[in-house]
Amino acid sequence: MKTHTLSALVSLCILGSTFAAQAKVFICSGIVTKVVSKYGNFEVQYKSTRTGNQMEPVWIYDTHTYLLGPVLKAIEEGEKYGTEYALVLENREGGDTRCWDGSSDNALIAISKK
């Protein structure tokens with residue numbers, strides 16, 4: 001059920017972004033560890049469940065602040081249970097779509113427990 005919901009959400013995001021500026025949407029997985037306020041937006045930090053390495057942070061921009069609640073819940077579950085989350089990201093630079101691509105402009109547009 002969650003997989004179908006996440007798949008539908010990603011499809012909707014991709015469809016919506018194709019009409020805008022050809023944004024690239026992709027999914028990364030990990031344990032959410034921290035959120036901090038920077039430059040008027042929120043930086044979300046997470047680590048890989050496979051390697052334990054810190055991944056490149058992603059941003060919650062002012063248009064997606066409704067994600068702060070789910071991110072805080074993900075941090076709590078990550079600390080207590082090591083719960084892994086799927087993070088749906090939008091690459092706003094038009095560059096690479098890997099979870100570690102050297103870009104700091106990846107926007108978090110959805111989050112779901114994996």
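Residues numbered from 1 in each chain as written. Predicted model: local features only at pLDDT ≥ 70, side-chain atom pairs only at ≥ 80, totals over all residues. Heavy atoms only, no water.

1. With respect to the overall build of the chain
Helix and strand counts for the chain come out as two helices and five strands. Along the chain direction, N to C, the helices and strands of the chain fall in the order α-β-β-β-α-β-β. When burial is assessed residue by residue, the chain has 40% of its 114 residues classed as buried. Sequence separation of at least 24 residues holds for 57% of the intrachain contacts in the chain that already meet a minimum separation of 6. Per element, the accessible surface of the chain, about 6,600 Å² overall, is 55% carbon and sulfur. (Helix = DSSP H or I, 4+ residues; strand = E, 2+ residues; numbered from the N terminus. Buried < 20%, exposed > 50% of the residue type's maximum accessible area, 1.4 Å probe, protein only. Contact = heavy atoms within 4.5 Å. Areas by Shrake-Rupley, 256 points an atom, 1.4 Å probe, with all protein chains shown as cover.)

2. Quick word on the pairing of strand β1 (residues 24–38)
On a regular strand, one side chain projects to one face of the sheet and the next to the other, so that they alternate. The pairing of β1 with strand β4 (residues 85–91) spans seven bridges and is antiparallel. Bridge pairing links I27 to V88 in β4. Looking at chain direction, β1 and strand β2 (residues 41–47) are connected through seven bridges and run antiparallel. Across the sheet, the residue bridging to K38 is N41, located in β2. (Pairing = 2+ DSSP bridges.)

3. Looking at the pattern of salt bridges
Inspection of the entire model under this criterion finds six salt bridges. E76 is the salt-bridge partner of K80, the closest N and O atoms lying 3.6 Å from each other. In this pair, K80 and E76 are both assigned in helix α2 (residues 68–81), four residues apart and thus about one turn of the helix distant. Judged by relative accessible area, which is 33%, E76 ranks as partly exposed. Taking the shortest distance from any N to any O, the salt bridge between E84 and K114 comes out at 3.8 Å. With E84 in the loop between α2 and β4 and K114 in the segment after β5 (106–113), this pair connects stretches of sequence that are 30 residues apart. Through salt bridges with shared partners, a single ionic network connects K73, E76 and K80. (Salt bridge = Lys/Arg side-chain N within 4 Å of Asp/Glu carboxyl O.)

4. Remarks on the state of the cysteines
A full pass over the atoms with the stated rule returns one disulfide. The disulfide bridge from C28 ends at C99, spanning 1.9 Å between sulfur atoms. Measuring handedness by torsion sign, the sulfur bridge of C28 and C99 sits at about -110° and is left-handed. Linking C28 in strand β1 with C99 in the loop between β4 and β5, this pair joins segments that are 71 residues apart in sequence. The class for C28 is buried, based on a relative accessible area of 1%. (Disulfide = S-S within 2.5 Å.)

5. Topic: the packing of aromatic side chains
Scanning the model with the defined rule gives one aromatic pair in all. Ring geometry for Y39 versus W59: centroids 6.3 Å apart, planes at 45°, classification tilted. With a gap of 20 residues between them, Y39 in the loop between β1 and β2 and W59 in strand β3 (residues 58–60) connect regions that are remote in the sequence. Residue classification places Y39 among the exposed positions, given a relative accessible area of 75%. We classify W59 as buried; its relative accessible area is 9%. (Phe/Tyr/Trp six-rings, centres within 6.5 Å; stacked < 30°, edge-to-face > 60°.)

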